[in-house]
Structure formats: C-alpha cells, structure tokens
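# Tertiary structure, described
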Amino acid sequence: MKPKQRPFIVFAIMAAMLLIVGFVQSWSVALVILNLCLVSAIMALGVNIQWGYAGLFNVGIMGFTALGGVAVLLVSMAPVSAALEVGGGQMALAAVTLIVGCIAVVILYRAWGERLFRKTVTCLAVIAVFFLVHSFYGPASDAIEAVDPAKTGYLGGLGLPVILSWVAGGLLAAGAAWLIGKITLDLRTDYLAIATLGIAEIIISLLKNEDWLTRGVKNVTGLPRPVPFELDLQESPWFIDLVETFNRGALAGLGNTERADALRMLSMEGSGIFVKLCYAGLFMIVLTIIFTLCSLALHSPWGRMIRAIRDNETAAAAMGKNVTGRRLQIFVLGSAVVGIAGAMLTTLDGQFTPGTYNPLRYTFLIWVMVVVGGSGNNLGSILGGFLIWFVWIEAEPVGIWLMDVLTSGFDPASEFRARMLDNAQYMRLMVMGVVLLLVMRFSPGGILPEKTGHR
Amino acid sequence: MTEGPEFLNALILLSNYVVLPAITYGSQLALGALGVTLVFGILRFSNFAHGDTMAFGAMVTILFTWWFQSLGISFGQLPTALLALPVGILFTIVILLLTDRLVYRYYRRIKSKPITFVMLSVGVMFVMTGLVRFIIGPKDQNFADGARFIFKARDFKKWAGLSEGLALRSSQLITIVVTMLLVAALFWFLQKTKAGKSMRAYSDNEELALLSGINPDTVVRVTWILTAVLATTAGLLYSLDKSFKPFVFFQLLLPIFASAIVGGLGKPIGAIAGGFIIAFSEVCLTYVYRKFLIYLLPESMEPETLVQLLSTEYKFAVSFIILVLVLLIAPTGLFKGKVV
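### Brief notes about the overall build of chain A
Within chain A one finds 19 helices and 0 strands. Each principal axis of the C-alpha atoms in chain A carries an extent, and together these give about 90 × 65 × 55 Å. Among the 455 residues that make up chain A, the fraction classed as buried is 41%. Considering only contacts in chain A between residues 6 or more positions apart, those separated by 24 or more positions represent 82%.

Right, here's the structure in full:
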C-alpha cells in the first residue's frame, strides 16, 4: 500500500463500518454515531493543533468543551426578564468591578516598581477587590436564583440564533486558554498539563454551582435548535411527500387506511433521520472549514515555524522565533476549536448538563483519538475521532456480551456474575488505555503518521 | 447561656472543625505528594497515574480487609484495614514494577522527552481507573471497623465544662501517627541507607551518579517500591477518614500536584510542607466562621451572614490558585525544587 493511498483506504473502511451499523442495527443509530464522530473529529483536530503541531499537553480539554457548552446557553436561550430586573444591574456592577479591579491591580503592581512590599501590597489589593466584588455579587446571585427557581432561577441568555453560539463557544474557550497559557507556557512543559487539569476542574465546578448563570445541576433543557423539530416535520406536507416518494415501492399495493398508517409510521421514522442528517450536514460544513484552515496553516511558513519550535526549541529561539508567543497562539487556537466542538455537542444534545462532564470521556478519550489517529496529521486526527468514538460506543455492547459469555458457566443468580456484568462497561476504559500505550510504543506515528520533509 | 469562657470555646471550635481536619487532610496530601515528588525527582516526570495508584492500593487493601473480616480476624480497637495494608502495598509494588517494566523502561532507554512520560502516565492512569472500577465498581465502599472515636465531643464537653466539644476520630489519630512513622522511616531511608543515598545522588545529578557506579535500574526500582508504599498508605488513610470512591482519587491529583509544586518538585521535605499548606488553606478558606465570630465578638457586632470566604464546592480552586501563585512568584517552590 502506497502511503498516498492510505488515507483513502482507512476512511473507506471507516465508512463501511458505519454502513454496517446502519444495516445491522439501524440507520438512526448509525447517524447518532456519525454525528458524534464528527464532533469528536473536530475536538481531535483542536487537540492536534496543540499536541501534534506544537507538543503542548492539554489535560483540560473537558473544561474547554464545557465552556463551549455554556456558550450555547448564554447565546441562544431567551433572557429571563424578571431575573434581569432584580439582579441584572447589580451583577453587571459586580462584573464591572471585577474587571476594573483586575486592571487596577495590574496597574498598581507595575507602578509600585521595585519599592518594598510589592507582593504584600498586591496581595492586599487582590483581597480588597475580592471583597468589593463579593459585596455586589452575593445579593445579586441570591436575588436571581430566587426568581421562579423551579423553571428559571437564572439570567437566561441573549436569545440569538444558536449557530452564533458555536463562534461564541470558541471565543470563550480561547479566552480561558489565553489566561492559562500566559501563566504556564514559559515554564516546564509538565506545568501546563497540571494547570490545565486544574482549570478544567474549576470550570466544571463553576458551571455546576453558579446557578444564577447556568442553573447548575438543575440543567437547562430545551435549547433552541438550528434544525427543524421532528413533530413539525411530520405535519408538513412537503416532508410527507418526500417520505412517500422514497418509499413508493413499500407503500404500493396497500389499502387506503393501511397506507395512511404506514405513511405515518414512515414519516415518524423519517423525521428523526432527517433531523440527524441536518445535524450531520452542519457538522460536516464546520469540520470542512476547520480542516481546510488547519491544513493551510500547517503547510504555511507559520506551520513550519511551529513544528520547528516543537522539534528543537533552542534552535528555533536562536533563529529569532518568539517561542513563548507562538506557543500561546497555538494553545489559544487549539482550545478555541475544542470550544467550538463543545458548543456543537451541546447543541446536538439540546440541553446543557454540567453534571455529565467527566474527564475520562471528555479529556482522555480525545487524547486517545489524536494519538491513535496520528498526531501532527490533520486527516489522522479526523480518522482517530471517527474510529475511537465508534469503538467506544460499540465496545459497550460487545464488552457486556463478552462478559456474558465468559461468566455463562456461573450460576445466573450469583453475585459474582452480576458484578462482572455490571462492571463490564469499565473494561473499555482499560481497553482505551492499553490501545494508547500500545500505539505509543509500537506505532508512535499513529495510523496516519505525520508527513515530514518533501517526498 | 454558654458555659465556660467564650475565648476557649472559640478555640475548641476552631480546633475541632479546622485544625484537626486540616492536619489529617494535610497528612494524606503530604503522603500523596511525597510519591509524586519521588517519581519526579528520579524519573523526572509528573505522574498522572498517581491518584489511581492510590485508588488501586486502597482497593486491594479493602478487598483483603473484607476477607479478613469474613475470617473473623480483627485488630481489636484498630481497623482491620491496617492489617491488610501490607498486602495492599505488596500488590501495588507488583503493579508499579510491572508498569515500569512494560511501559516506562523502554522510553527511559531511548531517552524520550519528559512530556512523553507524562502522556504514558495518562495511559497508565486510564488502565488503572478501568481496573479499579472493573474490580470494585464505581460506588462507595464500606470497610471500616474498630472504634470510631478516641473521645467523643459529648465526653469532652463534660470533662472540660465547655459548651463546645472536641472529638477525635480514630481515623484522624491513625492518619497522623502513621504519617509520622512513615515520614520518619522515609527520611531515615533517604539519609542513612546506601540505596537512599544513591537515590538522592541520582536525583541531584544523574550523570555524576552513573559515573560513580550507581545502578540506575536499582534506583528506579527502589523509587517505585517507595512510591507504592506511600501511595497505598495515603489512599487507605484517605478512604478510612472520608470514604472510598474511585473517582475521588482523580480529583485528588490537583491538590497533590499543587502540594508537590508548592514545596518544590523533587524535594521530599517540600512535599510535606506543601501538603499542609494546601490542606490548611483549603479548610480555612471554606470554613464557616459565623459561630467562631459569635464567640469572640461582642453581641452588637455579631455577623448575620455565614462568613464563609469560599463555598466548599470550590475547594479545588484553592489548590489551583495557590499553584498559580507559586508558579508566578517562585516557580521552583518553597524549597527550591527542580528547575522549570
């Protein structure tokens, strides 16, 4: 197999696997997997920008994903006017105080210069700002959370089209990344990993506990959708006509009432598939745009500079490249892409549930995707996203089936067997870890290795 | 209304809810951070699998505790888990040496970058998390037995004639005593034995140590064994004091890393100091000071709010903020650890 053919072949195999799921299980399942594969591929692209291009190890992907998710809520939900009336002004005041306070502290720190007690004074200033902000924020959040807590109890969003939130998600994640990067990027590489681990945990606990902003663990459901609702589709004549044309063969030869019933069933089924196809189309567009930009960037002089920094930092610095600056750029860009994917994921779910973000699923699985697909290779990341998500989903039924067969010798009522069946789902964590380690050891380039030099 | 002097009551209140819990938690963090710092000093990477190593050790110990309990073996007033601890340590040593042989050794030989090791440790973490959840399940596990309290708050009140009580749970005392013993043994080992000295030499200057004939494989092996002892003990003490939940150990990674970095990565003494700094800041910042202030302040100044600086949900933010401050101000930590 020539290296040039390799991507085509592996992607063909991937498509075939999805088609098999479509034929064997159902088209609906296959499309659900496909949509999440697409989102995973975008996330993997984002992480690949950081790890593959520049060797930055981000252990907080979950946090950036969640920031993307919250952007959906903040952009697309209708504002809650009652809450805005009681606490909006004060909350805005708190935010302004926070921003002004931070700027003031920075100015103070710089103006103080080399005089004595610089750190002490700065610390005191920070504490003062904290209490000032807190005095506005406390009553405001209480007031907002008291507004009809069973239904709202939060500020709501801006009421803008949901697609805009994908951009907003990217911006939000980029902002957080800039802060973290600014602090840790000129230190040892491990520190970035530890700091991102921390920021991810903090972002999640913020989203879980700041009820006035996100409703916390009460979740926000019924987010606006960029695609039509199934029920509306089932009632619109053009859609029923479409279903009829597609199923002409099956519908022919049925009696009038039977035909109407069959048609209703078919359009119910078809509406679900249609909606999923719409999502798939939208995601495909985003993936194509991001992939094109990534490829252009990677093969530009800028991309070569980034890889030079990754491979030999000292030499790159000696050539006059701004190593820390470029790293910050890369870190922000990669996180933004992850944020966009996070927003898309929440849009697809139709609800924002901060309790469901867990690092194994949202951080480490993405890592496995990038490494297995081929770090440094954009196509590889997309493939990794598809493949690993597919395996992750299909491993659960397979694992349970495997356990069932393995423990079939035991008494069906025995506790051991029940426990094994119960815990079989955790096998896939182990499998993913082993896959990661094996690929790193025996095929460090992944399935589609990075192309280096001119061949 | 209140019995005894208000000042004493306030002091006892603070000891009961801040000082004792913080010392206990600090000891657990210190043991965890010692493991991280040892691995960092010798193998030169941040071991992300450490939290799950703790979970693994604690899990094995718990499984054997159950077995001992079913056999009717008990440790009198002390929890049976302490009897099972050596077995847990043994299993953890085996698994750590095995991961080193199967995973890390190859990359050490080809002299990979530190970041590769960090990633490997993430892979190992994945496997260990899966293993722990697969064997024992993701839920809370109950295994504690023996006496729960050394003395209870009620008895203390009667004895001291105060309205505030001080309770000492046996898990707290066990944590503190075991930590002291283990730390003393570790420092004795590092300072006095030949293996310990070669470890320190290797950590300070690898090439020089190799030149003077220190066998790197032995050093690495000893490091993993020490890490296993520390991690298993830390994991068990934490589970005895709070409860055993597999996912908690991942969340413990952040405070543990923060402790190690605050003290200076690679410095055992720093890890201990860091553990207590993080624990005290966490507990102090999330404690509700209302009752404490009511005791101390005159009635007219009594606070109406909870006087809590940070809600308990944000305790991870505390370690993070301290971590960030240290990285900004003194990246090598308090005890001048391995440089950036």
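Continuing now.
### Description of the overall build of chain B
Counting its regular elements, chain B contains 13 helices and 2 strands. Against the 2.2 N^0.38 benchmark of 20 Å for 340 residues, chain B shows a C-alpha radius of gyration of 22 Å, consistent with a compact globule. Taken along its principal axes, the extent of the C-alpha atoms in chain B is 70 × 55 × 40 Å. Counting across all 340 residues of chain B, residues that qualify as buried make up 45%.

### Some points on the domain arrangement of chain A
Many descriptions give the size of an interface as the accessible area lost when the pieces come together. Residues and elements named next belong to chain A. When its domains are assigned, chain A resolves into domain 1 (6-79 + 156-442) and domain 2 (80-155). For domain 1 versus domain 2, the separation of C-alpha centres amounts to 34 Å. Contact residues are listed per partner, giving 7 residues for domain 1 and 12 residues for domain 2. When grouped by side-chain class, the residues that make up the side of domain 1 that touches domain 2 number 3 nonpolar, 2 polar and 2 charged.

### Section: the nonpolar core
Residues and elements named next belong to chain A. Among the nonpolar cores identified, the biggest contains 202 residues, and Ile 42, Ile 203, Val 337, Met 344, Ile 366 and Val 368 are the most heavily contacted of them. With 17 residues, helix α2 (residues 27-54) is the largest single contributor of residues to this core. Ile 42 has contacts with Val 286, Leu 287, Ile 290, Val 337, Ile 340, Ala 341 and Met 344, leaving out every residue within four places of it along the chain. Ala 83, Ile 144, Leu 155 and Trp 212 belong to the second largest nonpolar core, which has 13 residues in total.

### What to know about the environment of Lys267(B)
All names here are of chain B. Inspection of the secondary structure puts Lys 267 in the loop between α10 (248-263) and α11 (268-286). What makes Lys 267 buried here is the crowd of 23 C-beta atoms within 10 Å. Residues Lys 267 and Gly 337, spaced 70 residues apart in sequence, show a C-alpha to C-alpha distance of 5.8 Å. If near-sequence neighbours (up to four positions away) are discounted, Lys 267 is found in contact with Thr 37, Phe 335 and Gly 337.

### Remarks on the interface of chain B and chain A
Every contact between the two is made by 38 residues of chain B and, on the other side, 37 residues of chain A. Elements with a minimum of two residues in the side of chain B that touches chain A: α3 (81-109), α4 (114-136), α10 and α13 (315-329) of chain B. The dominant element in the side of chain B that touches chain A, judged by the number of residues it contributes, is α4(B), at 15 residues.

### So, α2(A)
All names here are of chain A. Compared with an ideal rise of 1.5 Å per residue, which puts 28 residues at 40 Å, α2 spans 39 Å between its outermost C-alpha atoms and is within 8% of the ideal. The buried fraction of α2 is high, at 23 of 28 residues. The positive-phi residue at the C-terminal boundary of α2 is Gly 55, with phi of around 70°.

### Regarding the packing of helix α3 (residues 61-76) of chain A against helix α15 (residues 323-349) of chain A
Residue and element names in this part refer to chain A. Orientation of α3 relative to α15, taken along the N-to-C sense of each, is 55°, at an axis distance of 7 Å. Between α3 and α15, the angle falls in the class oblique. Crossing of α3 over α15 shows right-handed handedness. Across from Ile 61, Phe 64, Thr 65, Ala 66, Leu 67, Gly 68, Gly 69, Ala 71 and Val 72 in α3, the residues of α15 making contact are Ser 335, Val 338, Gly 339, Ile 340, Ala 341, Gly 342, Ala 343, Leu 345, Thr 346 and Thr 347.

### Observations concerning unusual backbone geometry
All names here are of chain A. One non-glycine residue, Asp 148, adopts positive backbone phi at about 45°. Within the element layout of this structure, Asp 148 appears in the loop between α5 (118-145) and α6 (162-184). Exposure remark for Asp 148: the 12 C-beta atoms within 10 Å place this residue in the exposed category. At Arg 215, a residue that is not glycine, the phi angle is positive and equals roughly 65°. With respect to the secondary-structure elements, Arg 215 resides in the loop between α8 (211-214) and α9 (230-235).

### Structural notes on the packing of helix α2 (residues 50-71) of chain B against helix α9 (residues 216-241) of chain B
Any two packed helices are characterised by the angle at which their axes cross and by the distance between the axes. All names here are of chain B. Direction vectors running N to C along α2 and α9 enclose 70°, while the axes themselves pass 7 Å from each other. By the angle between their axes, α2 is roughly perpendicular relative to α9. As α2 runs across α9, the sense of the crossing is right-handed. The segment α2 lies against α9, with His 50, Thr 53, Met 54, Ala 55, Gly 57, Ala 58 and Thr 61 engaging Ala 228, Ala 231, Thr 232, Ala 234, Gly 235, Leu 236 and Ser 239.

### Observations concerning the confidence of the model for chain B
Regions with low pLDDT carry predicted coordinates that are not meant to be interpreted in detail. Of all residues in chain B, 98% have pLDDT values of 70 or greater, and the mean over the chain is 89. Confidence metrics for the complex model read pTM 0.89 and ipTM 0.87.

### Considering the environment of Gly253(A)
Residue and element names in this part refer to chain A. On the secondary structure map, Gly 253 appears in the loop between α11 (248-251) and α12 (256-298). By the C-beta count within 10 Å, which is 8 here, Gly 253 ends up exposed. Along the primary structure Gly 253 and Gln 90 are separated by 163 residues, whereas in three dimensions their C-alpha atoms are 68 Å apart.

### Notes on the environment of Leu287(A)
Residue and element names in this part refer to chain A. Note that Leu 287 resides in helix α12. As for Leu 287 and Val 105, which are separated by 182 residues in sequence, their C-alpha atoms are 41 Å apart. Residues contacting Leu 287, with those up to four places away along its chain left out, are Leu 38, Ala 41 and Ile 42.

### Quick word on helix α16 (residues 359-373) of chain A
All names here are of chain A. Given a rise of 1.5 Å per residue, 15 residues ought to cover 21 Å, and the 20 Å separating the end C-alpha atoms of α16 matches this to within 8%. At Leu 365, α16 shows its largest bend, some 25°. A large share of α16 lies buried, amounting to 14 of its 15 residues. Following α16 by one or two positions, Gly 374 has its phi on the positive side, about 125°.

Reading the values: the criteria
Residues numbered from 1 in each chain as written. Chains lettered and ligands numbered in written order. Predicted model: local features only at pLDDT ≥ 70, side-chain atom pairs only at ≥ 80, totals over all residues. Helix = DSSP H or I, 4+ residues; strand = E, 2+ residues; numbered from the N terminus. Buried ≥ 20, exposed ≤ 12 C-beta atoms within 10 Å, placed from the backbone. Contact = placed C-beta atoms within 7 Å. Rg over C-alpha atoms; globule rule 2.2 N^0.38 Å. Domains from an automatic or database assignment. Nonpolar A, V, L, I, M, F, W, Y, C, P; charged D, E, K, R; others polar. Core = buried A, V, L, I, M, F, W, Y, C linked by C-beta atoms within 7 Å. Expected span 1.5 Å × (residues − 1). Axes fitted to C-alpha atoms, helices over the stretch in contact; angles between N-to-C directions. Parallel < 35°, antiparallel > 145°, perpendicular 65-115°, else oblique. Left-handed = near helix turned anticlockwise from the far one by under 90°. pLDDT = per-residue confidence, 0-100. Bend = angle between axes of the 7 residues up to and from the residue.

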